[in-house]
Amino acid sequence: MRALIEVHGHGKQGASFGDSGVRGLNASAGTVTAPGGAPVIVATRLRKGSAGSARGAGRIVADALGTVQRLRSAGATGMVLLRADSAYYGRPTVLAAVNGGAQVSVTVRQNTLVQRAIESIPAGAWTTIEYPNAIRDEDTGVWVSRAEVAEIPFTAFASAKASQQVPGRLVVRRILDSGPPAGPDQASLFDVWRFHAFFTTVPTEQMDTVVADKTHRGHAIIEQGFDASRAPPSPTCPPGSSTRTPRGSSSPPSRSTRAWAAGTIAGGSHARATTATIHTRISGIPARIATSARRITIHLPTAWPWQEPCQALFDATLGPPAVAPT
């Protein structure tokens, strides 16, 4: 994590220099993403600026899963999946997710045990996948790509006691290294692959190897949440309004969550839009207000492309209450 809150002076408790080289405070956050929606921050924790990414990860995972369980409807049956990068591959994080009733999909570090597992994958187990610059063969329907995936059974933390071991699958994606040869007239004697592996507890019946790899690659969507939390407040929020904290600065997680909620209600592409896009298209409406006969009229521009999403948001939040059927 980078220092998200920059501070000055030596009297700020917990402030120190992080990997960004800025004196500040460090914040870790957990987001929840549903299909077709933007990530929503559900758990945050403030740490000192030099804290590593995995510090307190188990606690924040437990807090996030608790919030998810409270928000889910009674009849919800969908799978809850924790996705994270290699910095969070550790017993506290994985066990917190498993004990909280969630599946995990976490990138693993290339240690000796993982390298041996990758080497044991049979040569015929690799499947070509859709990847950047891939082309689908129209005759065979097979992807012609430089990326392939395979999997092998794997037990995480096998050296720990039995109660802390987590059985699952090691899914490996390999990409052909296309680096330039040593000499212009020198050809490669053999193919060189770069491997990326992650550990998952999702059963094969729910996600096969290709689907599990594609789903895991989506874990970087959390960066959209961090970018939104660093974005400045909307210019349409005046000082002293209810959208600002008593200290005079809008809370970044709540600000971004409100923007994503507005985008979800507006519908369409706004459900996955960034905070800045939502402010530009919906919050910052180029309108003119007129008053006549004690009535306020908002004059909107003609041929406005975001009229329907804004109208949907207005009807859901400020429109008349729905009439119950008789």
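For the structure given in this document, a descriptive report is provided here.

Scoring rules and cut-offs
Residues numbered from 1 in each chain as written. Predicted model: local features only at pLDDT ≥ 70, side-chain atom pairs only at ≥ 80, totals over all residues. Heavy atoms only, no water. Helix = DSSP H or I, 4+ residues; strand = E, 2+ residues; numbered from the N terminus. Buried < 20%, exposed > 50% of the residue type's maximum accessible area, 1.4 Å probe, protein only. Contact = heavy atoms within 4.5 Å. Areas by Shrake-Rupley, 256 points an atom, 1.4 Å probe, with all protein chains shown as cover. Core = buried A, V, L, I, M, F, W, Y, C linked by side-chain atoms within 4.5 Å. Pairing = 2+ DSSP bridges. Expected span 1.5 Å × (residues − 1). Arc of directions from axis to C-beta. Salt bridge = Lys/Arg side-chain N within 4 Å of Asp/Glu carboxyl O.

1. As for the overall build of the protein
- Counting its secondary structure elements, the protein contains 8 helices and 14 strands.
- Taking all 326 residues of the protein together, the buried fraction comes to 34%.
- Considering only contacts within the protein whose residues lie at least 6 apart along the sequence, 50% involve residues at least 24 apart.
- Split by element, the accessible area of the protein, about 19900 Å² in all, is 55% carbon and sulfur.

2. Observations concerning the nonpolar core
- Y89, L170 and F199 are the most contacted members of the largest nonpolar core, which totals 37 residues.
- Here this core takes 6 residues from helix α1 (residues 57–71), the largest share from any one element.
- Each residue touching F199, except ones within four places of it in the same chain, is listed here: Y89, V104, S105, V106, V108, F154, A156, V166, P167, G168, R169 and L170.
- Counting 11 residues, the second largest nonpolar core, distinct from the first, contains A38, A262, I278 and I282.

3. Overview of the sheet that holds strand β5 (residues 81–84)
- A sheet is described by the order of its strands in space; here 6 strands give the open sequence β5-β6-β12-β11-β10-β7, paired in mixed fashion. In the strand order of this sheet, the two ends are held by β5 and β7 (127–128), each with one partner.
- Across 4 bridges, the pairing between β5 and strand β6 (residues 103–107) is parallel. Within β6, the residue paired with L81 across the bridge is Q103.

4. Here's the deal with α1
- In this model, α1 (15 residues) spans 21 Å end to end at C-alpha, consistent with the 21 Å of a helix rising 1.5 Å per residue.
- Turning to α1, its buried residues are A57, G58, I60, V61, A64, L65, T67 and V68.
- Contacts made by the buried residues of α1 are with β3 (23–32), β4 (40–48), β5 and α2 (91–99).

5. Observations regarding helix α7 (residues 275–283)
- For α7, the full list of buried residues reads T275, I278, H279 and I282. End-on, the buried residues of α7 take up no more than an arc of 105°, which puts them together on one face.

6. Quick notes on the pattern of salt bridges
- Applying the stated criterion across every chain yields a total of 6 salt bridges.
- Notably, a salt bridge pairs E148 with R174, separated by 2.7 Å at the nearest N-O pair. Of this pair, E148 sits in strand β10 (residues 147–156) while R174 sits in strand β11 (residues 166–176), placing them 26 residues apart in sequence. The exposure classification of E148 matches that of R174, with both residues buried.

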